[in-house]
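Results of the structural survey
Chain by chain, the residues:
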Amino acid sequence: HRAGLVRLKGRDAVSRDGVPIRLLANIELPEDARVAEESGAQGVGLYRTEFLYMNRKELPSEEEQYDAYARIVSAVSGTITIRTLDLGADKQVDSGRSHGPLPTNPALGLRAIRLCLKEPELFRIQVRALLRASAHGRVQIMLPMISNLQEFRQAATLIETARAELRAEGRPFAENVPIGAMIEVPAAAIAAPMLARHARFFSIGTNDLIQYTLAIDRVDDEVNYLYDPLHPAVLHLIRHTIESGRGAGIPVAMCGEMAGDPRFTRLLLGLGLTDFSMHPNSILEIKQIVVESDIARLRAAMTGALDSGDPQTLRDRIAELDAP
Ligand code: PEP
Ligand code: MG
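Residue numbering note: each chain is counted from 1, following its sequence as written. By the order in which they are written, chains take letters starting at A while ligands take numbers starting at 1. Reporting of local features is limited, given that this is a predicted model, to residues whose pLDDT is at least 70; pairs of side-chain atoms are given and counted only at 80 or more, and all residues count toward the totals for whole chains, interfaces and linings. In computing side-chain properties, one takes all heavy atoms of the structure into account and sets aside hydrogens as well as water.

What about the coordination of the magnesium ion (ligand 2)?
For Na, K and Ca the donor cutoff is 3.2 Å, while for all other metals N, O and S atoms must lie within 2.8 Å; water is not among the atoms, so some sites may look incomplete. For the magnesium ion (ligand 2), the full set of protein donor atoms is Glu184 (OE) and Asp208 (OD), at a range of 2.0 to 2.2 Å. Here the residue Glu184 occupies a position in the loop between strand 5 (179-183) and helix 7 (186-190), and Asp208 occupies one in helix 9 (residues 206-214), the gap between them amounting to 24 residues. Given a relative accessible area of 2%, Glu184 falls into the buried group. Runs of H or I in DSSP of at least four residues are treated as helices and runs of E of at least two as strands, each being numbered from the N terminus. For the exposure calls, accessible area comes from a 1.4 Å probe over protein chains only, and a residue counts as buried if that area is under 20% of its type's maximum, exposed if over 50%, partly exposed in between.

Listed below in structure tokens is the structure:
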């Protein structure tokens, strides 16, 4: 099976009816940049930066971060979407933990962009390093766990301040680095048309979007039987986000696990998703499905299916989509 897939490596991910699809890699470690390049991905849709902060007592300095980001950015030939720190909840580290007792509901607490806005110095150092790394390739900055427009604008203002500092210091950076929002909180998905007027791109984080929409802790085994990417509420939020992005003329990617799961590829193509970011190992398998798909047919099949309101109808429809 894999040997057959390798033939797809140099081939573009274009559907049978001629729609180009972008397949991107999710990476975490510095050496993953090479893995991503070799996977046939067209770029990096999610670089999780938490790794730099893990297993250590001291926070990484701007210089250390700049070195790491510059190396990774140089190793990726396409666009690389770098996510700012997503600490807290399921991503705890020694150096980033704020003082005091652990919150009762860490997933609903001070995590990701909330933590960065509360501790702007932490954010400032990372953003300066990211902007400086943008001199070495095509960088986009992505903000995790945005739940309202105010957070996005506040973060954008801090990034603008960092730009002004670098300019004054005469340090090189790319002037037009796009700032985008992860859509992984239901409020952000519902308010997507409003956010789309400010964000340059969206990326749907289904791991958290499913957790928050269905009110199930993603790390609690007792409730993982309820974790359902096909829940109609989840699919409505995904479709609404894709359509809001399209309406505003900004790209919409998906970088949660769902994007790299072959069970959902046809469904997502049918909902209009064009940019999929996943573990590099999944790229060829997903590409295989893309090149065999007739997207116009998938879109027609999905029309109305979501609005039936009946999960079983939806499951049946998806099963039909999967038939060869
Ligand atoms: C997500 O939530 O879908 C996502 C991609 O981010 P993470 O899994 O790192 O929270
Ligand atoms: Mg997430």
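Next comes the rest of the description.
So, the layout of surface pockets
The space that makes up the largest pocket amounts to roughly 360 Å³. Lining the largest pocket are 18 residues, and of these Arg48, Asp90, Asn207, Arg218 and Glu257 lie nearest its centre. When the residues that make up the lining of the largest pocket are grouped by side-chain class, the tally is seven nonpolar, two polar and nine charged. Grid points spaced at 1 Å over the protein atoms alone were grouped into cavities, where a 1.4 Å probe fits but cannot get out, and pockets, open sets with protein on both sides within 12 Å along at least five of seven lines, with lining residues defined by an atom within 4 Å of a point. Grid points are joined across faces, edges and corners, and a volume is the space filled by probe spheres set on the points. The residue classification treats Ala, Val, Leu, Ile, Met, Phe, Trp, Tyr, Cys and Pro as nonpolar and Asp, Glu, Lys and Arg as charged. All others, Gly included, are polar.

Comments concerning the sheet that holds strand 3 (residues 79-83)
Between any two strands, pairing holds if DSSP finds at least two bridges. The eight strands are arranged 1-2-3-4-5-6-7-8 in a closed barrel whose pairing can be described as parallel. In this sheet, adjacent strand axes meet at a mean angle of 30 degrees when their direction is disregarded. The pairing of strand 1 (residues 22-27) with strand 8 (residues 275-278) spans four bridges and is classified as parallel. Paired with Ala25 across the strands is Met278, a residue of strand 8. Should any heavy atoms of two residues lie within 4.5 Å, those residues are considered in contact. Between N-to-C directions, angles span 0 to 180 degrees; the directions come from axes that are lines fitted to C-alpha atoms, helices contributing only their stretch in contact. Strands strand 3 and strand 4 (138-143) of the sheet are contacted by helix 5 (residues 120-133), whose axis makes an angle of about 155 degrees with strand 4.

A closer look at unusual backbone geometry
Unlike most non-glycine residues, Asn55 shows phi in positive territory, near 55 degrees. With relative accessibility at 74%, the residue Asn55 sits in the exposed group. Of note, the phi angle at Ala215 is positive, near 55 degrees, even though the residue is not glycine. Within the secondary structure layout, Ala215 lies in the loop between helix 9 and helix 10 (232-248).

Side note on the side chain of Gln140
Looking at the secondary structure, you find Gln140 in strand 4. Pairing of N or O atoms within 3.5 Å defines a polar contact, subject to two protein rules: one partner must be a possible hydrogen donor and the other a possible acceptor, and residues neighboring in sequence count only if both atoms are side-chain atoms. A distance of 2.9 Å separates the side chain of Gln140 from the side chain of Thr81, its partner in a polar contact. Beyond its immediate stretch of four places on either side in the chain, Gln140 contacts Thr79, Ile80, Thr81, Ile82, Val177, Pro178 and Phe201.

Considerations on the packing of helix 5 against helix 6 (residues 149-169)
At a minimum axis separation of 9 Å, helix 5 and helix 6 run at an interaxial angle of 55 degrees. In terms of orientation, helix 5 lies oblique with respect to helix 6. Once helix 5 is placed against helix 6, the crossing between them reads as right-handed. In this structure, helix 5 contributes Pro120, Phe123, Arg124, Val127, Arg128, Leu131 and Arg132 to the contact, and helix 6 contributes Ala155, Leu158, Ile159, Ala162, Arg163, Glu165, Leu166 and Glu169. An angle below 35 degrees is read as roughly parallel, one above 145 as roughly antiparallel, one from 65 to 115 as roughly perpendicular, and any other as oblique. Here a crossing is called left-handed whenever its near helix is offset anticlockwise from the far helix by less than a right angle, and right-handed whenever the offset is clockwise.

A short note on the nonpolar core
Counting 92 residues, the largest nonpolar core has Leu143, Phe202 and Ile238 as the members making the most contacts within it. Among the elements that take part in this core, helix 5 stands out by supplying seven residues, more than any other. In contact with Leu143, other than residues within four places in its own chain, are Thr84, Ile113, Phe123, Phe152, Ala155, Ile159, Ile179, Gly180, Ala181 and Met182. What makes a nonpolar core is a set of buried Ala, Val, Leu, Ile, Met, Phe, Trp, Tyr and Cys residues whose side-chain atoms join them at distances within 4.5 Å. Counting six residues, the second-largest nonpolar core is a separate cluster that includes Ala89, Ala107, Met145 and Tyr212.

Focus on the pattern of salt bridges
Where charged atoms from two side chains of opposite charge approach closely, those side chains can pair. Put simply, a salt bridge is a Lys or Arg side-chain nitrogen that is within 4 Å of an Asp or Glu carboxyl oxygen. Tallied over the full model, the rule gives 21 salt bridges. Here Glu165 ties to Arg124 by a salt bridge, and the two come within 3.0 Å at their closest N and O atoms. In this pair, Glu165 sits in helix 6 while Arg124 sits in helix 5, placing the two residues 41 residues apart along the sequence. For Glu160, the salt bridge identified is with Arg163, shortest N-O distance 2.8 Å. Of this pair, Glu160 and Arg163 are both found in helix 6, three residues apart, which corresponds to roughly one turn of the helix. Where salt bridges share partners, they join Glu62, Glu63, Glu121, Arg124, Arg128, Arg132, Glu165, Glu169 and Arg171 into one cluster.

Examining the site of ligand 1
Near residues are defined by distance, with any heavy atom within 4 Å of the molecule or strand qualifying the residue. If you check the shell around ligand 1, you find 14 residues, and the closest are Arg48, Lys91, Gly205, Asn207 and Arg218. Within the contact set of ligand 1, an oxygen atom lies 2.9 Å away from a side-chain nitrogen or oxygen of Arg218. Only the protein chains shown count as cover for residues, and all accessible areas are computed by the Shrake-Rupley method using a 1.4 Å probe. Against a free-state accessible area of 290 Å², the protein chains account for coverage of 99% of ligand 1. Each molecule is checked against the cavity or pocket grid, and it sits inside if more than half of its atoms lie within 2 Å of the grid points. Structurally, ligand 1 is housed in the largest cavity. Elements supplying a minimum of two residues to the shell around ligand 1: strand 2 (44-48) and helix 9.

Observations concerning the packing of aromatic side chains
Note on aromatic pairs: each is described by the distance of the centres and the angle between the planes. The aromatic pairing rule takes the rings of Phe, Tyr and Trp, using the six-membered ring of Trp, and pairs them if the centres are within 6.5 Å, calling planes under 30 degrees apart stacked, those over 60 edge-to-face and the rest tilted. Counted according to the given criterion, the structure contains one aromatic pair. Seen in terms of ring centroids, Tyr47 and Tyr69 are 6.1 Å apart; in terms of plane orientation they differ by 80 degrees. Their pairing is edge-to-face. With Tyr47 in strand 2 and Tyr69 in helix 3 (residues 62-75), the pair connects residues that are 22 residues apart, well separated along the chain. A residue is classified by how much of its surface remains accessible, and Tyr69, at 0% relative accessible area, is buried. Two conditions define a charge located above a ring, namely a distance within 6 Å from the ring centre to NZ of Lys or CZ of Arg, and an angle within 35 degrees of the ring normal. A cation sits over an aromatic face here: Arg132 above Tyr66, 4.1 Å from the ring centre.

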